[in-house]
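# Survey of secondary and tertiary structure
Here is how the chains run, residue by residue.
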Amino acid sequence: MILFYRKYGNPENPAILVLHGLLGLSDNWDFFGKHFAERGFHVIVPDMRNHGMSPRMEAFNYNVMANDVKKVLENENVTRCSVIGHSMGGKVAMTLAFKHPELVDRLEILDISPRAFDSPLEHIGFIAAMEGVDLKKVTRRIEVMEQLEKYNYEKRVLLFLMKNLSYTREHGFRWKPYLKSIYRNIGEIGKGFDNQCVFEGRTLFIKGGESDYILEKDIPAMRHHFPHHEMITFEKSGHWIHVDATDDFIMATERFIS
């Protein structure tokens, strides 16, 4: 199985692999891909399995997703790259670094720690809301939006969820993510890492100051798993750092990777 992925820039340039979070999409990173392509990088952004245009699979955990992205790198003849992962994608990036450190030059993790989480409760609510929409009865996108609005989500959350809605004449409206598999395996997404998992390469954690995905209690585990890490905080950012603090994120990434 090979994931769907987007490519930016010259394949002969240094590569950056970007891994989106739960219910995210590769095209959410279009601006980033174009920006870094212009600065001399080859940017690869896959849709993770059960997301976007990638295959739907029953297995959904960090090991299989790390293997998926490894195959993408092999398909692109990339033997070493910088890896950026947000949220769930950050855990996939960590897994890749632990299992295949020879592939990872530098590791940048956006607003997720290596600890175990009880479950991504916020995203469970998103999945329930999306599955609660009877897509067989809607004829316009605005009708889906109206049904999601009853949950009083912020505008950016609504737009984030709506990007996962697709339409074809043959099938009508459908959600791009394989929601049933994601929900069945949601406990896998909350898992942490065993003590033997250590990545010795340079690592940057970027924390959202208004987010609780990285806490003070996580620092010892971060030091253990990533002994050569540093962390910076964007005080006015929430969990979606690349959206909330785009300019700061771009500048920090350029400094770290370049």
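The following refers to the structure shown. (Residues numbered from 1 in each chain as written. Predicted model: local features only at pLDDT ≥ 70, side-chain atom pairs only at ≥ 80, totals over all residues. Heavy atoms only, no water.)

### Let's talk about the overall build of the protein chain
Of the regular secondary structure elements, the protein chain holds 11 helices and 9 strands. A principal-axis box enclosing the C-alpha atoms of the protein chain has dimensions of 50 × 40 × 35 Å. Counting every position in the protein chain, which comprises 258 residues, the buried fraction comes to 55%. Accessible surface for the protein chain amounts to roughly 12,200 Å². Of this, 49% is attributable to carbon and sulfur atoms. (Helix = DSSP H or I, 4+ residues; strand = E, 2+ residues; numbered from the N terminus. Buried < 20%, exposed > 50% of the residue type's maximum accessible area, 1.4 Å probe, protein only. Areas by Shrake-Rupley, 256 points an atom, 1.4 Å probe, with all protein chains shown as cover.)

### Side note on the packing of helix 1 (residues 30-38) against helix 11 (residues 246-257)
One can describe the packing of helix 1 onto helix 11 by two numbers: an axis separation of 12 Å at closest approach and a directional angle of 40°. Comparing the axis directions of helix 1 and helix 11 gives the class oblique. As for how helix 1 packs across helix 11, the hand of that crossing is right-handed. Along its contact with helix 1, which presents F31, F32, H35 and F36, the element helix 11 presents T246, F249, I250, T253 and E254. Counted by class, the contact of helix 1 with helix 11 contains 5 nonpolar, 3 polar and 1 charged residues. (Axes fitted to C-alpha atoms, helices over the stretch in contact; angles between N-to-C directions. Parallel < 35°, antiparallel > 145°, perpendicular 65-115°, else oblique. Left-handed = near helix turned anticlockwise from the far one by under 90°. Contact = heavy atoms within 4.5 Å. Nonpolar A, V, L, I, M, F, W, Y, C, P; charged D, E, K, R; others polar.)

### Describing helix 2 (residues 62-75)
For helix 2, with 14 residues, the first-to-last C-alpha span of 20 Å sits near the 20 Å given by 1.5 Å per residue. Looking at helix 2, one finds that the buried residues are Y62, V64, M65, A66, D68, V69, V72 and L73. On its buried side, helix 2 packs onto strand 1 (5-8), strand 2 (15-19), strand 3 (42-46), strand 4 (81-86), helix 3 (88-99) and helix 8 (186-189). Where helix 2 begins, the capping side chain belongs to N61, and its oxygen is found 3.1 Å from the backbone nitrogen of N63. Positioned one or two residues after helix 2, N77 has a phi angle of 60°, which is positive. (Expected span 1.5 Å × (residues − 1). Polar contact = N/O pair within 3.5 Å; in protein donor to acceptor, adjacent residues only side chain to side chain.)

### Here's the deal with the pattern of salt bridges
Evaluated as defined, the whole model comprises 17 salt bridges. Across the pair D30 and K34 runs a salt bridge whose closest N-O atoms are separated by 3.0 Å. Taken together, the positions of D30 and K34, both in helix 1 and 4 residues apart, correspond to about one turn of that helix. For D30, a relative accessible area of 27% puts it in the partly exposed group. (Salt bridge = Lys/Arg side-chain N within 4 Å of Asp/Glu carboxyl O.)

### Considerations on the state of the cysteines
Counted under the stated rule, the structure contains 0 disulfides. Free of any disulfide, C81 has its nearest cysteine sulfur in C197, 19 Å distant. (Disulfide = S-S within 2.5 Å.)

### A few points about the packing of aromatic side chains
Here a ring pair, both rings aromatic, is described through the centre-centre distance and the interplanar angle of the planes. Taken as a whole, this structure holds 13 aromatic pairs when the rule is applied. With 5.4 Å between their ring centres and 70° between their planes, F205 and F226 make a pair best called edge-to-face. Of the two residues, F205 is situated in strand 8 (residues 202-208) and F226 in the loop between helix 9 (219-225) and strand 9 (229-234); the sequence distance between them amounts to 21 residues. Across the pair, F226 and F205 agree in class, each one buried. Put simply, the rings of W29, F32, F36, F41 and F249 pair up and form one aromatic cluster. (Phe/Tyr/Trp six-rings, centres within 6.5 Å; stacked < 30°, edge-to-face > 60°.)

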